[in-house]
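Spelled out, the chains give:
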Amino acid sequence: MQTRSGSRYTKPQSEVEGWEGRKESERKRRRGQVTEDFSGKQRRCSSPAVEGGGSQKPDFLDGLPDDIVVCILCKLSSSAACPSHLINILLTCKRLNGLGLHPLVLSKASTKSLAVRAKNWSESAHRFLKQCADAGNLEACYILGMIRFYCLQNRGSGAALMARAAIGSHAAALYSLAVIQFNGSGGSKNDKDLRAGVALCARAAFLGHVDALRELGHCLQDGYGVRRNVAEGRRFLVQANARELAAVLSSTRWPPAEAAAMPIGCCPLLSDFGWSVPAPEPHPANRFLVEWLRARGGGAGEGLRLCSHGECGRPETRRHEFRRCSVCGMVNYCSRACQALDWKLAHKAKCTPMDRWLLDGGAAAAEIAAAGEYGAAAVGGDGGGME
Ligand SMILES: [Zn+2]
Ligand SMILES: [Zn+2]
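Position numbers for residues start from 1 in each chain and track the written sequence from start to end. Each chain takes a letter, starting from A, and each ligand takes a number, starting from 1, following the order in which they are written. Local features in this predicted model are restricted to residues of pLDDT 70 or higher, and side-chain atom pairs are both shown and tallied only at a pLDDT of 80 or more, whereas totals for entire chains, interfaces and linings draw on every residue.

A. Examining the overall build of the protein more closely. Secondary structure elements follow DSSP: runs of H or I of four or more residues count as helices, runs of E of two or more count as strands, with numbering from the N terminus. On a plain count of helices and strands, the protein comes out with 18 helices and 2 strands. For the protein, long-range pairs separated by at least 24 residues make up 59% of all intrachain contacts whose partners lie at least 6 apart in sequence. The contact rule is simple: place each C-beta atom from the backbone, and if two of them lie within 7 Å, those residues are in contact.

Structure below.
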């Protein structure tokens, strides 16, 4: 690349090069221009790049070659703490708008910078996520996939985007596809593929996804979609809890207010086995689903329920898709992982056998049998079961 001082930078990589060429003319055009962006302190610095002299302030940014600016923007986008950090860069000037939308920058955008809130959803937010997904950002593929599948009712492209993320070993995408396979979401009851669900779950568990580890543990314990192996299932549940604890300890949510209430000498490890740790921070995709459906009255459609785990947000895609708590029958979950989490967070205190089972047990039991797929199995030591 030709610079103002006449020296040559090393040739940028081929991917940047073609794009670089297009922007070069625009950059050259701006060379004579100056902006008021920099302070007097910066102005005092003598630079060979300053042209025109006099009272005009130099724009040092303008003197930087595009590949260096792109490199800086890559660092910024990968560490951005919210979408506005990235959007503000794009709004700064025409050049940063162009460079900020470079595929390299978008492919490195952090999860937090892609965490669009449901109230801010718009065509341009959709387009931005799509651009990031097209640039190869797996997190954007997953988030946009979840939004299209569950919120925009665009099941085909939503699942395809999630599959793209899953192929790139995105653990949350693998787990979400597993939930879709387990429930036959977007299709009929006959579209359930338990073996595919277990295989996807196993892959996500291998990558350390806590919900997938827990789901796989329950599948093995129940013989659901896989040959029954209680000891192995137990091992996965212990691993899920250990990872959960490690995540909580390293997060900003620790120590929780309720920590003081924990009996002295008791380890908060093994939440499935009676002890509670704070809920993990929900993924931006789940938070979007929760907010989106709450803004629409909390319903996913006529007769369709939401997963009762408050931070999941997955709605049913057909009636009686989700399984219910086998004890009270009043809550329903998209997965055993959600059930286990909700059990320790809230449902444990509320779950009681309902009188209506005694009163109209016959009819209700028949309804549950139609909806439920696998028998009640305790979550760890004392959890409720699902039907
Ligand atoms: Zn759920
Ligand atoms: Zn219950």
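B. Local environment of the nonpolar core. Counting 76 residues, the largest nonpolar core has Tyr-142, Ala-178, Cys-201 and Leu-216 as its most contacted members. When residues of this core are assigned to their parent elements, the largest contribution, 11 residues, is made by helix α9 (residues 138–151). In this structure Tyr-142 touches Met-162, Ala-165, His-170, Ala-172, Ala-173 and Ala-285, once residues within four positions along its chain are discounted. Note on terminology: a nonpolar core is a set of buried residues of type Ala, Val, Leu, Ile, Met, Phe, Trp, Tyr or Cys, with members joined through C-beta atoms within 7 Å. Buried, partly exposed and exposed are defined by the number of other C-beta atoms within 10 Å of a residue's own C-beta, namely 20 or more, between the two limits, and 12 or fewer respectively, with C-beta atoms placed from the backbone.

C. Representation of helix α10 (residues 155–167) within the structure. For α10, with 13 residues, the first-to-last C-alpha span of 18 Å sits near the 18 Å given by 1.5 Å per residue. Here α10 has its buried residues at Gly-158, Leu-161, Met-162, Ala-165 and Ala-166. Viewed end-on, α10 has its buried residues packed into an arc of 145°, placing them on one side of the element. Exposed side of α10, more than 90 degrees from the buried face: Gly-156 and Ile-167 are the residues found there. Elements that come into contact with the buried residues of α10 comprise α8 (123–134), α9 and α11 (171–183). At the C-terminal side of α10, Ser-169 shows a positive phi close to 65°. Helices are assigned an expected span. That span is 1.5 Å times one less than the residue count. Comment: arc refers to directions from the helix axis out to C-beta atoms.

D. Geometry of helix α12 (residues 194–206). Over its 13 residues, α12 extends 18 Å from the first C-alpha to the last, a length consistent with the 18 Å expected when each residue adds 1.5 Å. In this structure, the buried side of α12 is in contact with α11, α13 (210–222) and α14 (230–250).

E. Looking closely at the packing of α9 against α10. In contact at an axis separation of 7 Å, α9 and α10 are set at 155° when each is read in the N-to-C sense. In terms of their interaxial angle, α9 and α10 are classed as roughly antiparallel. At the point where α9 passes α10, the crossing takes the left-handed sense. Listed contacts from α10 to Leu-138, Cys-141, Tyr-142, Leu-144, Gly-145, Met-146, Arg-148 and Phe-149 of α9 are Arg-155, Ser-157, Gly-158, Ala-159, Leu-161, Met-162, Arg-164 and Ala-165. Residues are grouped as follows: Ala, Val, Leu, Ile, Met, Phe, Trp, Tyr, Cys and Pro are nonpolar; Asp, Glu, Lys and Arg are charged; all remaining types, including Gly, are polar. Class assignment for the residues of the contact of α9 with α10 results in 10 nonpolar, 3 polar and 3 charged. To define axes, lines are fitted to C-alpha atoms, for helices over the stretch in contact only, and angles between the resulting N-to-C directions are given on a 0 to 180 degree scale. The scheme is simple: roughly parallel for angles under 35 degrees, roughly antiparallel for over 145, roughly perpendicular for 65 to 115, oblique for anything else. Two helices crossing with the near one rotated counterclockwise from the far one by less than a right angle form a left-handed crossing, whereas a clockwise rotation gives a right-handed crossing.

F. Here's a closer look at the packing of α9 against helix α15 (residues 284–295). Where α9 meets α15, the axes come as close as 9 Å, and the angle between the chain directions of the two elements is 25°. Considering the angle they form, α9 stands roughly parallel to α15. Between α9 and α15 lies a crossing whose hand is right-handed. Across the interface between the two elements, Tyr-142, Ile-143, Met-146, Ile-147, Tyr-150 and Cys-151 of α9 pack against Pro-284, Ala-285, Phe-288, Leu-289 and Trp-292 of α15.

G. Region of interest: the environment of Ile-87. Note that Ile-87 resides in helix α5 (residues 83–92). In this structure Ile-87 comes out as partly exposed when scored by C-beta crowding, with 15 C-beta atoms within 10 Å. Remark: the alpha-carbon pair of Ile-87 and Ser-77, spanning 10 residues in sequence, is separated by 9.9 Å.

H. Just the confidence of the model for the protein, in detail. On average, residues of the protein score 77 in pLDDT, and 68% of them are at 70 or above. On a range of 0 to 100, pLDDT expresses the predictor's confidence in each residue. The low-confidence segment residues 1–23, where pLDDT is below 50, has 21 contacts with residues more than four positions distant or belonging to other chains.

I. Up close: unusual backbone geometry. Phi at Ser-169 is positive, roughly 65°, even though this residue is not glycine. A positive phi angle is found at His-320, which is not glycine, with a value near 60°. The residue His-320 is located in the loop between α15 and β1 (323–324) in this model.

J. Spotlight on the environment of Asp-66. Looking at where Asp-66 falls in the secondary structure, it is placed in helix α4 (residues 66–79). With 22 C-beta atoms packed within 10 Å, Asp-66 lands in the buried category. Between the alpha carbons of Asp-66 and Arg-95 there is a distance of 9.2 Å; along the sequence they are 29 residues apart.

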